[in-house]
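Spelled out from the first residue to the last, the chains are:
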Amino acid sequence: MRSTIRAIFVGVAFVGGIFGCGPGQAPGTIVLHVANWGAAKQGNEYDLLVDKLYHEFERQNPGVKIQEEPVPGEYVEKMALAYIAHAQPEIMMLDLSSSALFINSKMVRDLSPMMKADPEFRRADFFPNVFDAARHGEAVYAVPLDFTPMVLYYNKRLFDKAGVPYPTPDWNFAKFEETAKRLTIPGKQYGYAFANWVPGWMMWLWNNDSAPFIPDTRRATGALDTAASTESVTFLSEIVKKGYSPSISQTATAGVDLFANGEAAMTVSGHWSMVGYKNSPKGPDGKPKLTWDDLGVVALPHQAPTSQTVMYESGYAISANCKYPEMAWKFIRYMTSAEVQRKYQSSGIAVCARRDIAEERGKGSPLEAAFLPIVPTCRPPYGAAVEGYEVVEEEMTKAMDSILQNGREPAAALHKAALAIDREFQK
């Protein structure tokens, strides 16, 4: 697809520079390059924790060096180029939302033979739907590290102040609108902070027995432009038009996260947001505008029998051209072990893919525990099975923009988007 083509123009020299051997390595040293998205390390608490875990693996395996390779910018494109240039890292983080490209192009290995040959490896240690997200048939292409469901966060402090009951997992669209309305104080506070970010609103279609896309046929017509999808998008746009959520321009003008700033009572995001919520801005009284004690987590409202949400997951994969597959597998087993994950997940950025550690963390934190009932309702993003899925999100964003900013009718906007998506996949 287009991302792979663009990658060719990034430059082979870049890839060779990233994944070449580091200076000063002793002869015979096994260097495992571990690629991950993101900028260079900042020396913060999380970076120090990861370095400590790497050093412990090196101590346990003399002659092995772990060399983490942060890849800023277009991670997918650069990893595709590394494959083309035969300069892949030995281990790479596989982002579930773009894993189809790597799996379908055979850029990563099937790990199932290693799993079967390892008597200590147990699939049952992981949440079944999380583990299966990188499985195609009997082949497994990544061992999950951690993940997040997209959930609805709510501010208990604002609910209590307004005398509004906390949302429950069985709520529907009408109950959500009533709640948002009661929590809206014109000019001061919004009931809900909507953002035109497709991973944050696509699930509203699922929760109305519809969908934006049909993976088997690679079509959006007959999905994104159905009556049920139109109803979902109309509902969301009305929440904004009625003033229960800021408009796109109001959000831009605010320049802050309205939920973290205590100016919106509900929002949709992933587990990663908790790190920011823990460090929310302080008010005039010097107290944080939002604390973890204020946070509530609940499943999204649904018209369908059960709520559904999407999960975003990262997992360890071994590259097709890995020079040391046995040692790479040993590293993956180490990093996904209960002992290491108990330490690693203390960063709090995601939900551990290991059920035992996730449940252990839930026992120590009601907030962490609130995520656990939502896990079985998680579905992989379409990018786990469909190459080039990004065009779907691009067109959905345009459609919602045209509805909210230009007053276009939802049915017409979604049909136009569906046709544009189909044309792209027919090329």
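Please refer to the structure higher up on the page.
Here the structure is a predicted model, which means the values were calculated and not measured.

Thresholds applied
Residues numbered from 1 in each chain as written. Predicted model: local features only at pLDDT ≥ 70, side-chain atom pairs only at ≥ 80, totals over all residues. Heavy atoms only, no water. Phe/Tyr/Trp six-rings, centres within 6.5 Å; stacked < 30°, edge-to-face > 60°. Helix = DSSP H or I, 4+ residues; strand = E, 2+ residues; numbered from the N terminus. Buried < 20%, exposed > 50% of the residue type's maximum accessible area, 1.4 Å probe, protein only. Lys NZ or Arg CZ within 6 Å of the ring centre and 35° of its normal. Pairing = 2+ DSSP bridges. Salt bridge = Lys/Arg side-chain N within 4 Å of Asp/Glu carboxyl O. Contact = heavy atoms within 4.5 Å.

K.L.:
Would you explain the packing of aromatic side chains in this entry?
P.N.:
Describing an aromatic ring pair means giving the distance of the ring centres and the angle of the ring planes. Counting across every chain of the model gives 32 aromatic pairs. Seen in terms of ring centroids, Trp206 and Tyr382 are 6.0 Å apart; in terms of plane orientation they differ by 65°. Their pairing is edge-to-face. Within this pair, whereas Trp206 is found in helix H11 (residues 203-206), its partner Tyr382 is found in the loop between strand S12 (378-379) and helix H19 (390-406), the two being separated by 176 residues in sequence. We classify Tyr382 as buried; its relative accessible area is 7%. Pairwise contacts between aromatic rings join Trp171, Phe173, Phe176, Tyr192, Trp204 and Phe235 into one cluster. When the ring centre of Trp206 is taken as origin, the NZ or CZ atom of Arg379, which lies over that ring, is 3.8 Å away.

K.L.:
What is the right way to look at the pairing of strand S3 (residues 91-95) in this model?
P.N.:
One face of the sheet, then the other: side chains in a regular strand alternate in exactly this way. Within S3, four of the five residues are buried, leaving the element largely enclosed by the surrounding structure. Two elements, S3 and strand S10 (residues 309-318), share five bridges in a ladder whose sense is antiparallel. Across the sheet, residue Leu94 finds its bridge partner in S10, namely Gly315.

K.L.:
Please clarify how the pairing of strand S9 (residues 295-298) should be interpreted in this entry.
P.N.:
Neither face of S9 is open: one carries Leu295 and Val297, the other Gly296 and Val298, and all of them are buried. Note that strand S7 (residues 151-155) and S9 share four bridges and pair antiparallel. When the sheet's bridge partners are listed, Tyr154 is paired in S9 with Gly296.

K.L.:
In this structure, what is going on with the pattern of salt bridges? I would like to understand it.
P.N.:
A side chain of one charge can pair with a side chain of the opposite charge if their charged atoms are brought near each other. For the coordinates displayed, the defined rule picks out 16 salt bridges. Measuring nitrogen to oxygen at the nearest pair gives 2.7 Å for the salt bridge that ties Arg59 to Glu56. Placement of the pair is Arg59 and Glu56 together in helix H3 (residues 45-60), with a separation of three residues, close to one helical turn. One salt bridge in this structure joins Glu58 and Lys65, with 3.9 Å as the shortest N-O distance. What makes Lys65 partly exposed here is its relative accessible area of 28%.

K.L.:
For this particular structure, what's the right way to read the environment of Gly38?
P.N.:
Among the secondary structure elements, Gly38 is positioned in the loop between strand S1 (30-37) and H3. Between the C-alpha atom of Gly38 and that of Pro70, which follows or precedes it by 32 residues, the distance is 5.5 Å. Those residues in contact with Gly38 that lie beyond four places of it in its chain are Pro70, Val71 and Pro72.

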